[in-house]
Amino acid sequence: MSRAGSAVRAAPGAGGGSALFSGFRALGLYSNHLPHVLRYHQRHRQFYLLTGAGRSFHTYNVKKLGIVAVSNALLQDITCLAADRMLVFASYGNLLHAFARNKEVVHIYDGHKGEIRLLQPFGDHVISVDIDNVLIVWDVQSEEEYLQLTFDKAVFAVSAIMHPSTYLNKILLGSEQGSLQLWNVKSNKLLYSFPGWGLGGVTTLEQAPAIDVVAVGLVSGHIIVHNIKFDETLMKFQQDWGPITAISFRTDGHPVMAAGSPIGHIALWDLEEKKLISQMRNAHSTAIAGMSFVQGEPLLVTNGADNAIKIWIFDGPGGRGRLLRCRMGHSAPPTKIRYHGQNGQQILSAGQDGTLQSFSTVHERFNKSLGRGSINKKKSKRKGLQNDTMALPPITAFATEIARQNDWDGIIACHQGYITCTTWNYQKTSMGAHKLKPKAFSKNKPLDVYATVVDITTCGNFAVIGLSTGHVDVYNMQSGIHRGHYGKEKAHEGAIRGVAVDGLNQLTITAGSEGLIKFWKFKTMDLVYSANLSSPPSAMLLHRDSGILGIASDDFDISVLDVETRRIVRKFSGHHSQINDMTFSPDGRWLITASMDCTIKTWDLPSGCLIDCLLLDSAAISISMSPTGDFLASSHVDDLGIYLWSNCSLYSLVSLRPLPADYEPSVIMLPGTCPTQDVDITGDEETSDEMIDYSSPEQLEGQLVTLSSLSESRWKNLLNLDVIKKRNKPREPPKVPKSAPFFIPTVPGLIPRYAVAKEENDEQQSKVVNLGVLAQKSDFYVQLEEALSSNEYKSPLKILKEMGPSSIEIELRGLAPDAGGSVEVMKSFLRLIGTMLNTKRDFELAQAYLALFLKLHLKILSSEPVILEEIAKVSTQLEETWIHLQTLFNQSLCVLNYMKSAFL
C-alpha cells in the first residue's frame with residue numbers, strides 16, 4: 001500500500017561544498033602570541049580586552065571576561081594588533097586594516113613592501129613599521145601616507161615604538177642595538193638620540209604614570225626606568241628569566257611595576273624601595289605576550305601563546321596577585337575529542353599539553369579543566385609546572401560514561417607510551433583515585449609495553465583496557481580492582497587496535513593488529529567467535545544502540561559489521577590516507593570518517609553509499625557527533641581549537657542521494673569563533689538544474705491499493721454522525737439578550753426612578769424557511785446523472801472529496817426517491833464506488849462512502865432489483881480486493897514472526 005502526495009528533493013551535482021554540514025563556530029580559541037590591547041569605552045563605562053586568534057580578533061569585557069564580539073576574518077593570520085579610541089588596527093603581511101565596531105574592515109592601508117611588525121595609533125594617524133625598517137605614518141581617514149622614514153638596519157633597527165604622554169607630535173623608537181630616538185613626526189626631525197646602556201637591544205617601551213618617565217625593557221633582562229626629558233636613568237632592575245617581554249605600571253596608588261618573561265613568570269617591583277616585592281611564577285606556561293594593569297584598579301590582565309587570558313587581582317598582603325578570572329584552552333593541539341553526556345552540551349578534549357578539558361557548546365562559563373595527569377599529585381604541586389617530573393604523557397584515547405559519575409570516576413584514559421591508565425572524575429574536575437596497571441607488569445617496567453585502547457561499560461562499573469602486547473584486562477571503576485583478562489595468556493598475538501563492550505554487557509569485541517576480530521563473553525571471558533579481516537584494523541568503533549561495529553583498516557577501507565549476525569554488512573572505500581577517527585550519528589544511519597587526506601566523509605549505512613564529503617585545508621585528527629545529532633565536532637592538525645559543524649538536515653531540505661564517482665569537493669575553511677550568520681541571497685539565487693522537485697504520482701502502480709491524502713476526520717466518523725450530533729445538541733435554544741437603551745428612561749419627579757419597560761407580546765415568527773418546490777438539485781446530484789451516460793466519475797468524486805462529513809451525509813440522503821432523488825442516481829452512485837475499487841485509488845474513502853450509503857438506504861435497496869444487481873457487482877469487487885490484501889498481510893506477518901524467532 002502507498003500514500004500519494006509525498007515529495008523529495010534531488011541531490012546537488014558533482015563538485016562544491018558539503019550539503020550536509022555547515023561551519024558553525026570554534027571552541028577553545030582565546031589568545032595567541034600577540035600582545036593584547038586594553039580599551040576603555042566611555043559610553044559603556046567599562047574596559048574591553050582585544051586578543052588575536054588566527055585570522056580574526058576577539059573582544060572581551062574585562063568585568064566578566066565574556067566574549068562580546070568577533071571580527072570578520074582576514075585572508076591570513078593577524079601578525080600585529082593595536083587600537084585607539086574608535087578603531088582597531090590589524091595587519092598581516094604588508095597590509096594594514098582598520099576595523100570599526102570590532103567587526104568590519106573600513107580602511108585598508110597598502111604601501112609597505114615588507115611584513116608589518118609594529119603598530120602605534122597616533123591621534124588621527126597610525127604608525128606602522130615593517131621588517132625592512134621602513135616607518136610609515138598613515139592618515140587614518142584618507143588612507144594616504146603622511147610620512148615615510150627609512151632606517152639603516154645596521155645602525156638603528158626599530159624594535160619598539162611608543163608615544164610619550166604630553167609629547168605632542170612625538171614618538172619614541174627603540175632599537176635592537178639598544179639606543180633610543182625621539183622624533184617629531186609633524187616636522188620630520190630627529191629631536192634627540194639616547195645612546196643606550198650597553199646591555200642589549202630594546203624589547204619593549206612603556207609609559208610610566210609619571211610624566212617624562214619611560215620604562216625600557218632589554219634583551220638582557222634589565223629594566224631601565226629613564227627620564228627622557230633630562231636623559232637621566234632613575235632606577236635599574238634585572239630579571240634572570242631572559243628578555244623582558246612586557247611591562248606595566250599600577251595606577252591605583254601603589255608604586256608597583258610588573259615585568260613579564262619568556263618562561264611565563266611575572267616579577268613585581270616596588271618603585272619606591274627599588275626592590276623585588278613578589279614573583280608570580282608559572283602565570284602562563286609560555287612567554288608572557290601582553291600585560292596591562294587596568295586604569296585605577298588593582299587588576300592585571302595577561303595573555304600568552306598558551307591560549308590563555310588571565311585576570312589577577314591584588315587584594316591580599318604581600319603584594320602578590322591571585323587569579324580572579326581566566327579563559328583558557330589547550331596550549332597544544334587536541335589529540336582526542338568526545339561528547340560527554342546525552343544532552344550534547346559538553347565536549348571532553350585531551351590535548352598534547354597533557355590536560356583534559358571540557359568545553360561547553362552553550363557558554364564559555366561552563367567550561368572546565370580537569371587538569372593534567374600526574375603520577376604523584378602532591379610531588380607535582382611542590383615542584384611546580386616547569387620542573388614537574390611526575391607529569392604523565394599526553395592522553396591518546398579515553399572513554400566516558402555518565403551513569404555513575406556522581407558516585408565514582410566516570411572517565412578512563414590511556415597515555416602515550418605509558419602502560420598505566422588513569423581514571424578521571426568529571427564532577428570533581430580532577431584526576432581520579434585509581435591508576436590501573438596489570439599485575440603482570442607491576443614489578444617489571446618494560447619500555448615497549450603501553451596501553452593502546454580503552455572502553456567503559458554503559459553501566460559505568462567496568463573499564464576494559466587493551467595493551468600493545470595483545471593483553472585485554474577488565475577493571476572495576478569503583479575500587480580499581482583487576483577483575484580478569486581475556487584469553488589464557490593474552491587475547492591477541494598483535495597489539496590491540498580496538499576494544500568495545502555492547503550495551504547490555506553481554507559481549508566484548510576486540511581487534512588485533514594481526515588482522516583478527518574476536519567476540520568474548522563479557523562475564524565468563526570465554527571466546528565466542530573469531531574472524532579474519534582482509535586487512536589489519538587501525539581503529540574500531542561500536543554503536544551500542546544498533547549493534548553496528550565500524551572497523552577502519554590499514555588499507556584505508558572501512559568495514560561495517562553487524563554484531564548480532566557477526567557478518568560484514570557494508571564495505572566502504574574512498575579515503576587515500578590513514579583514517580584518524582570515526583563516529584556514528586545518534587540513530588546509527590550514518591558513519592562519519594576523518595582521514596589524513598583532509599576529508600571528512602559521511603557514509604549512509606542503509607543504502608551503502610557516500611552521501612557527503614567535506615574537504616578542509618587541515619586534516620581532522622578527531623571527530624565526534626553530538627548525541628542529539630545537531631553538531632559534528634572536529635579537531636585538526638596543529639590547531640588549538642575545536643570546530644562545530646551544524647547538521648543541515650535538521651533545519652533544511654537536504655538530499656541523501658549518493659555522490660557521483662567524479663565528485664570533486666571544494667576546500668572549505670574552518671568556521672570562526674562566532675556563529676556563522678546566514679546571508680540572505682534569495683535575490684541572486686539561481687535554481688540548479690540538478691535540484692528538481694519530484695512529487696510522487698497519485699498511484700505508483702495500478703495493482704497497488706492507494707490511500708487518499710485526506711485526513712481521517714473527513715471519513716472516519718461518517719457512520720457515527722448521528723451519535724455526534726445527538727451528543728453536541730444544545731439543551732435549550734440560545735436566548736437573545738435584551739438590548740439596553742443608550743439613555744436609561746426615568747420617571748419624572750423629585751426622586752429619580754427608572755422606568756420599567758413594558759413587555760411586548762408580539763407573536764414569534766418561525767425562522768425556518770420552507771422551500772417547498774423551490775428546492776434545486778445539487779452539483780453532486782447533477783454530476784451523477786451525467787455520469788450515467790458518460791461513465792466518467794472523476795467530477796462527482798472530486799466534489800465529494802472536498803466536502804465535510806455533514807455535507808456528505810446530506811448529499812447521500814438526498815439520493816433516495818422520497819428525498820427528491822431517484823433509483824437511477826442511486827445506481828450511478830454504486831457505479832462510482834465500483835470505479836474506485838477497480839482503480840484501487842482512495843481505498844479508505846470507498847469503504848467509508850459505501851458503508852454510509854448502505855446504512856442510510858438499506859430498506860430501499862432490498863426492494864429495488866436494479867440496485868440489488870449493482871450491489872452484487874460491487875460486493876464481488878470488494879471481496880477480491882480484500883482477499884488480495886489479506887494474503888499480503890499474512891505473508892508479511894509470517895516473515896516477521898520467522899525473523900523474530902530466528903534472531904531473538
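Residues numbered from 1 in each chain as written. Predicted model: local features only at pLDDT ≥ 70, side-chain atom pairs only at ≥ 80, totals over all residues. Heavy atoms only, no water.

1. With respect to the pairing of strand β28 (residues 288-293)
Step number 1: Counting buried positions along β28 gives six out of six residues, so the element sits mostly inside the fold.
Step number 2: Alignment of β28 against strand β29 (residues 299-304), held across five bridges, turns out to be antiparallel. Across the sheet, the residue bridging to I288 is G304, located in β29.
Step number 3: The turn linking β28 back onto β29 is made up of five residues, and G296 within it adopts a positive phi angle of 75°. (Buried < 20%, exposed > 50% of the residue type's maximum accessible area, 1.4 Å probe, protein only. Helix = DSSP H or I, 4+ residues; strand = E, 2+ residues; numbered from the N terminus. Pairing = 2+ DSSP bridges.)

2. Some details on the pattern of salt bridges
Where charged atoms from two side chains of opposite charge approach closely, those side chains can pair.
Step number 1: Evaluated as defined, the whole model comprises 18 salt bridges.
Step number 2: A salt bridge links D315 to R322; the shortest N-O distance between them is 2.8 Å.
Step number 3: A salt bridge links E809 to R813, with the shortest nitrogen-to-oxygen separation between them at 3.2 Å. With E809 and R813 both in helix α5 (residues 805-813), this residue pair falls four residues apart, about one helical turn.
Step number 4: Judged by its relative accessible area of 6%, E809 is buried.
Step number 5: Salt bridges sharing common partners tie together E401, D455 and R544. (Salt bridge = Lys/Arg side-chain N within 4 Å of Asp/Glu carboxyl O.)

3. Examining the packing of aromatic side chains
Step number 1: Under the definition given, this model contains 15 aromatic pairs.
Step number 2: Here the aromatic rings of F462 and F522 are separated by 5.6 Å at their centres, their planes lie at 70°, and the arrangement is edge-to-face. Taken as a pair, F462 in strand β41 (residues 462-467) and F522 in the loop between β46 (516-521) and β47 (527-532) lie far apart in primary sequence, 60 residues in all.
Step number 3: The exposure class of F522 is buried, given its relative accessible area of 7%.
Step number 4: Among the aromatic side chains, those forming a connected cluster through ring pairs are F151, F156 and W183.
Step number 5: For R566, the ring lying beneath its charged end belongs to F519, and the centroid distance is 5.6 Å. (Phe/Tyr/Trp six-rings, centres within 6.5 Å; stacked < 30°, edge-to-face > 60°. Lys NZ or Arg CZ within 6 Å of the ring centre and 35° of its normal.)

4. Considering the sheet that holds strand β11 (residues 104-110)
Step number 1: Pairing is antiparallel in the open sheet, where four strands are placed in the order β8-β9-β10-β11. Strands at the two margins of the open sheet, each flanked by one partner only, are β8 (80-83) and β11. On average, adjacent strands in this sheet sit at an angle of 20° to one another, irrespective of strand direction.
Step number 2: The pairing of strand β9 (residues 87-92) with strand β10 (residues 95-100) spans six bridges and is antiparallel. In the strand pairing of β10, Y92 is matched with L95. (Axes fitted to C-alpha atoms, helices over the stretch in contact; angles between N-to-C directions.)

5. Focus on the packing of helix α6 (residues 823-839) against helix α7 (residues 843-856)
Step number 1: In contact at an axis separation of 9 Å, α6 and α7 are set at 155° when each is read in the N-to-C sense. What the angle tells us is that α6 and α7 run roughly antiparallel. With respect to the hand of their crossing, α6 and α7 are arranged in left-handed fashion. Along the contact surface, α6 presents M826, F829, L830, I833, M836 and L837, while α7 presents F843, L845, A846, Q847, Y849, L850 and F853.
Step number 2: Grouping the amino acids of the contact of α6 with α7 by side-chain chemistry returns 12 nonpolar, one polar and no charged. (Parallel < 35°, antiparallel > 145°, perpendicular 65-115°, else oblique. Left-handed = near helix turned anticlockwise from the far one by under 90°. Contact = heavy atoms within 4.5 Å. Nonpolar A, V, L, I, M, F, W, Y, C, P; charged D, E, K, R; others polar.)

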